[in-house]
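Chains, contacts and geometry: an overview
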There are 2 protein chains.
Amino acid sequence: MKMKNIFADRMNNIPRSFIREILKVTLKPGIISFAGGLPNSDLFPLEQLQTATEKLFTCGGSTVFQYATTEGYVKLREYISARYRSRNNLYVPVENILITSGSQQGLDLLGKIMISSGDGLVIEEPGYLGAIQAFSIYSPRFLSVPVSDEGMDREALQHSLDSHETRLIYTVPNFQNPSGITYSTENRIQLAATIEKTTTFLIEDDPYGELRFSGEPKPSFLSLIPENTILLGSFSKTIVPGFRLGWIVAPPPVMEKLITAKQATDLHTSHFTQAIIHQFLIDNDVDTHIEKIVQTYGSQKIAMEESIREFFPPKVTVTDPEGGMFLWVTLPGDMKAMELFHTAIKNGVAFVPGDPFYIDRKDSNCLRLSFVSTNEEMIRTGIKRLGATITQCM
Amino acid sequence: MKMKNIFADRMNNIPRSFIREILKVTLKPGIISFAGGLPNSDLFPLEQLQTATEKLFTCGGSTVFQYATTEGYVKLREYISARYRSRNNLYVPVENILITSGSQQGLDLLGKIMISSGDGLVIEEPGYLGAIQAFSIYSPRFLSVPVSDEGMDREALQHSLDSHETRLIYTVPNFQNPSGITYSTENRIQLAATIEKTTTFLIEDDPYGELRFSGEPKPSFLSLIPENTILLGSFSKTIVPGFRLGWIVAPPPVMEKLITAKQATDLHTSHFTQAIIHQFLIDNDVDTHIEKIVQTYGSQKIAMEESIREFFPPKVTVTDPEGGMFLWVTLPGDMKAMELFHTAIKNGVAFVPGDPFYIDRKDSNCLRLSFVSTNEEMIRTGIKRLGATITQCM
């Protein structure tokens, strides 16, 4: 059977997951890897999840094992709504919350309902690779807008909105993946003023928001421009990623379309895992649990920064994340992170070169480091190796 | 903010889930409902699943709670491969199996990778509503091909293939939803001969295949035309639907695209639920468990047929399913099942009128009955009410 031209055109748009390829290389024994994006599994609350699961089997009956509503387990949606209220002073009606199979599915559903081929879609530069992949399926015209330590470049955003019919603006305003930066309050207010006048939606993807080690929380776009904001949340970074549970907060007209799309896509997300997470959340002190993650990641981040100061050549610059999992390194001048990568692997240390975080840029001189998946001793050894590699390649 | 025209064109194609609307009506107290498509939750193996889950928490470590491979839990894929070998004498390499969040997600992924707007897609008439919804997102040109007691109309299929560039042929050859019919061996061989010469894929959706109460198993299309067949399987009807676990069997070039699409869509399906199901499967006698379902559904089906013979007017015809969950009723002449529905609700009995199972037919004189979600006494009472309603409306 001939296999040519049997696939939909949209499949030509999707970049292969470069990170997936890279991770294979970094699994070689002896390599200290800062490449992965995995949370630290030592911090998974397994005992408490076990207790929650036992309770569910004992008292839950068969309902959570049956087909269920597309919107998600109502008690979990009520919990999410209540937590936004108590923690962020945000009023989010339960009806505006849809449970998804991880935030990644939120991106797929939003692409599905919003993006016709050629529609403008603003993406951060550098931006989250998973979002680029998810949206690529729907063949948008990607409009890259740079982000820096202050947030998204407002003038560049305005220029993009003026020049193309733009459906969506994708952002990770807290501890961005890959750069670790956080949009300042002033930047958020300015962006909100720009977007408020349009019919464009801003996606506020917030998987790391609760993982803040320093500084003050910044206002959510949902509080600034509620009618233009679609907020994505996730339990992957605060509880466990393996349950694949996230959620979308969206205004009613968008939610109606999302529910139709979710039903067509997979009927609903497992109510069993939703009920376990809910039981865990109501039976435990979640803030204390999250504080433990924050303490650990915060110390690891300081360890990495100290080692960088000690071992990297002075011309290398790094971002200073106030939370999350990643920091972003800029190499001097025209050094190519991709070339550095191959030498680094030989020297026993791995990272993700910057290229895949850009829509159409090659030979980036930037790279992403995760500070959460290795302990502090390994961080020091790994950064020492990386510093030596940079000096060697300069 | 203006909400006009903010959604992608593709969202105009999706039929609202009529069944979803109908199910709301049928939940009124006092109504005996044959409308739902839910498996009987009394047959869920909850104790064994609890044991499997405890084992996983005790011995499994943190791996199943971490991010994992897109393809799915390898031990579960190995089990599925081995069961095809032992039960169906089919050789399915592990590499050709992708775990999905239910079969419904399999349909979404196949639409995603295969269907460009306007591509031909053959759908059974009547056909599975969930498939129509899933594929509608990708704006195919639906080509309805009638099915009858013998299977799919070969000449009509040939005509469709001749007249349009056709990517996919969607079938449920065993105990079809909604009609309950099974394609005969001869029909399968004829269809295979027709399809083998083309570059069209046949989707063999087989959620009910193991639920056979009578007659002999028929050869899978995978054994007849392996290069043209994409097989979908599910644990929803044999274990529990609430875990949302299914799988796709596809040849390598298709699998490569499916993995790319699956990763972009939700990274992977929960490995936690996959590992529980795997533990359940290896620790228990699965055939004995399934036999219990078959016995129960088989008795319920006989009870329904006997009541139909007793209470329906003689001009009404019904299919004679050898397995599965549904049977299909054809009312005399120009009776409209939709009109019957409203009277039936008043008389305390519900079903799904035929209309939503057709792409563009209204006023169907057919309707679907599920025989699995009510006990035999209720079946008798409900069919008596329905028979009286039909007589009343004739």
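The name an unreviewed UniProt entry assigns to chain A is Aspartate aminotransferase, from the organism Desulfomarina profundi. According to the UniProt record, the Subunit (unreviewed entry) comment for chain A reads "Homodimer." We quote the UniProt Sequence similarities (unreviewed entry) comment for chain A here in full: "Belongs to the class-I pyridoxal-phosphate-dependent aminotransferase family."

All names here are of chain A. The buried count for strand E8 (residues 229–234) comes to six of six residues, which makes it a mostly enclosed element. Note: strand E7 (residues 201–205) against E8, four bridges, orientation parallel. Note that in E8 the partner of aspartate 205 across the bridge is leucine 232. Relative to strand E9 (residues 246–249), E8 runs antiparallel, the two sharing four bridges. Its bridge partner being in E9, glycine 233 is matched across the sheet by tryptophan 247.

Our focus in this paragraph is the domain arrangement of chain A. Residues and elements named next belong to chain A. As far as domains go, chain A holds domain 1 (9–44 + 288–393) and domain 2 (66–283). A straight line from the C-alpha centre of domain 1 to that of domain 2 covers 25 Å. Interface area, domain 1 with domain 2, both sides summed: about 2900 Å², of which 68% is carbon and sulfur. Of all residues in domain 1, Glu322, Phe357 and Ile359 give up the largest surface area on contact with domain 2, accounting jointly for 22% of the area buried on that side. One can count three salt bridges joining domain 1 with domain 2. There are nine residue pairs in polar contact (both at pLDDT 80 or more) connecting domain 1 and domain 2. Counting residues per element, the side of domain 1 that touches domain 2 draws most heavily on helix H11 (residues 286–311), which supplies seven residues.

Another point: unusual backbone geometry. A negative phi angle characterises most non-glycine residues, just as the trans form characterises most peptide bonds. Geometrically, the link from glutamate 125 of chain A to proline 126 of chain A is a cis peptide bond, its omega value of 0 degrees lying close to zero. Residue position: proline 126 of chain A is located in the loop between strand E3 (120–125) and helix H5 (129–136). Residue proline 178 of chain A is reached from asparagine 177 of chain A by a cis peptide bond, and omega for that bond is 20 degrees. Within the secondary structure, proline 178 of chain A sits in the loop between strand E6 (166–171) and helix H7 (185–196). Even without being glycine, serine 139 of chain A reaches a positive phi, approximately 50 degrees. Position of serine 139 of chain A relative to the elements: it lies in the loop between H5 and strand E4 (141–148). The residue phenylalanine 175 of chain B is not glycine, and still its phi comes out positive at about 55 degrees. Along the chain, the position of phenylalanine 175 of chain B falls in the loop between strand E6 (166–171) and helix H7 (185–196). On the accessibility criterion, phenylalanine 175 of chain B (1% relative accessible area) is buried.

Here we take up the interface of chain B and chain A. Contacts between chain B and chain A engage 81 residues on the former and 81 residues on the latter. When the two sides are added together, the surface that chain B and chain A hide from each other amounts to roughly 6800 Å², 61% of it contributed by carbon and sulfur. For the pair chain B and chain A, the interface holds two salt bridges. Here aspartate 108 of chain A ties to lysine 112 of chain B by a salt bridge, and the two come within 2.7 Å at their closest N and O atoms. Taken together, chain B and chain A are joined by 28 residue pairs in polar contact (both at pLDDT 80 or more). Counting only elements with at least two residues in the side of chain B that touches chain A, the list comes to helix H2 (46–59), helix H4 (102–114), helix H5 (129–136), helix H9 (252–266) and helix H10 (271–283) of chain B. The biggest single contributor to the side of chain B that touches chain A is H9 of chain B, with 11 residues.

Turning our attention to the packing of aromatic side chains. All names here are of chain B. Inspection of every chain in the model, using the stated rule, returns 27 aromatic pairs over all chains. Taking the centre distance of 5.7 Å and the plane angle of 65 degrees together, the rings of phenylalanine 57 and phenylalanine 272 count as edge-to-face. Here phenylalanine 57, found in helix H2, pairs with phenylalanine 272, found in helix H10; they are 215 residues apart in sequence, far enough to count as distant. Grouping residues by exposure puts phenylalanine 57 and phenylalanine 272 together as buried. Ring centres of phenylalanine 135 and tyrosine 170 lie 5.9 Å apart, and the angle between their planes is 70 degrees; on these two criteria the pair is classed as edge-to-face. Highlighted residues: phenylalanine 135 in helix H5 and tyrosine 170 in strand E6, separated in sequence by 35 residues. Among the residues examined, phenylalanine 135 registers a relative accessible area of 0% and is labelled buried.

The eight strands are arranged E2-E9-E8-E7-E6-E3-E4-E5 (chain B) in an open sheet whose pairing can be described as mixed. The sheet is open, and its two edges are formed by strand E2 (97–100) and strand E5 (151–152) of chain B, each paired on a single side.

Right, let's get into the UniProt feature "domain: Aminotransferase class I/classII large" (unreviewed entry) in chain A. Look at the UniProt record and you will see "domain: Aminotransferase class I/classII large" (unreviewed entry) annotated at residues 61–386 of chain A. Taken end to end, residues 61–386 of chain A is 42% helix and 17% strand, and its first and last C-alpha atoms sit 54 Å apart.

Now for the relation of the copies chain B and chain A. Overlay of chain B on chain A (RMSD 0.0 Å): rotation 180 degrees, translation along the axis 0.0 Å. Viewed as a symmetry operation, the transformation between the two copies matches a two-fold axis. By residue overlap, the copies meet face to face through one surface: 100% of the interface positions of chain B are interface positions in chain A.

Moving on to H7 of chain A. Side chains that are three or four residues apart share a direction in an α-helix, a result of its 3.6 residues per turn. Residues and elements named next belong to chain A. Over its 12 residues, H7 extends 16 Å from the first C-alpha to the last, a length consistent with the 16 Å expected when each residue adds 1.5 Å. Turning to H7, its buried residues are Asn187, Arg188, Leu191, Ala192, Thr194 and Ile195. Viewed along the axis of H7, the buried residues span an arc of 160 degrees, placing them on a single side of the element. Buried positions along H7 lie against strand E5 (151–152), helix H6 (154–163), E6, E7 and helix H8 (221–224).

All names here are of chain B. Tracing the backbone shows threonine 319 in the loop between strand E10 (317–318) and strand E11 (326–330). Through-space distance from the C-alpha of threonine 319 to that of isoleucine 6 is 45 Å; in sequence the pair is 313 residues apart. Apart from residues no more than four positions distant in its own chain, threonine 319 is found in contact with Asp149, Ser179, Ile181, Glu305, Leu327 and Trp328. There is a polar contact of 2.8 Å between the side chain of threonine 319 and the backbone oxygen of serine 179. In terms of polar contacts, threonine 319 uses its side chain to reach the backbone amide nitrogen of tryptophan 328, at 3.1 Å.

Criteria and cut-off values
- Residues numbered from 1 in each chain as written.
- Chains lettered and ligands numbered in written order.
- Predicted model: local features only at pLDDT ≥ 70, side-chain atom pairs only at ≥ 80, totals over all residues.
- Heavy atoms only, no water.
- UniProt positions renumbered as here; feature names shortened; annotations may be inferred.
- Buried < 20%, exposed > 50% of the residue type's maximum accessible area, 1.4 Å probe, protein only.
- Helix = DSSP H or I, 4+ residues; strand = E, 2+ residues; numbered from the N terminus.
- Pairing = 2+ DSSP bridges.
- Domains from an automatic or database assignment.
- Buried area = accessible area lost by both parts, 1.4 Å probe.
- Salt bridge = Lys/Arg side-chain N within 4 Å of Asp/Glu carboxyl O.
- Polar contact = N/O pair within 3.5 Å; in protein donor to acceptor, adjacent residues only side chain to side chain.
- Contact = heavy atoms within 4.5 Å.
- Phe/Tyr/Trp six-rings, centres within 6.5 Å; stacked < 30°, edge-to-face > 60°.
- Least-squares fit on C-alpha atoms with pLDDT ≥ 70 in both.
- Expected span 1.5 Å × (residues − 1).
- Arc of directions from axis to C-beta.

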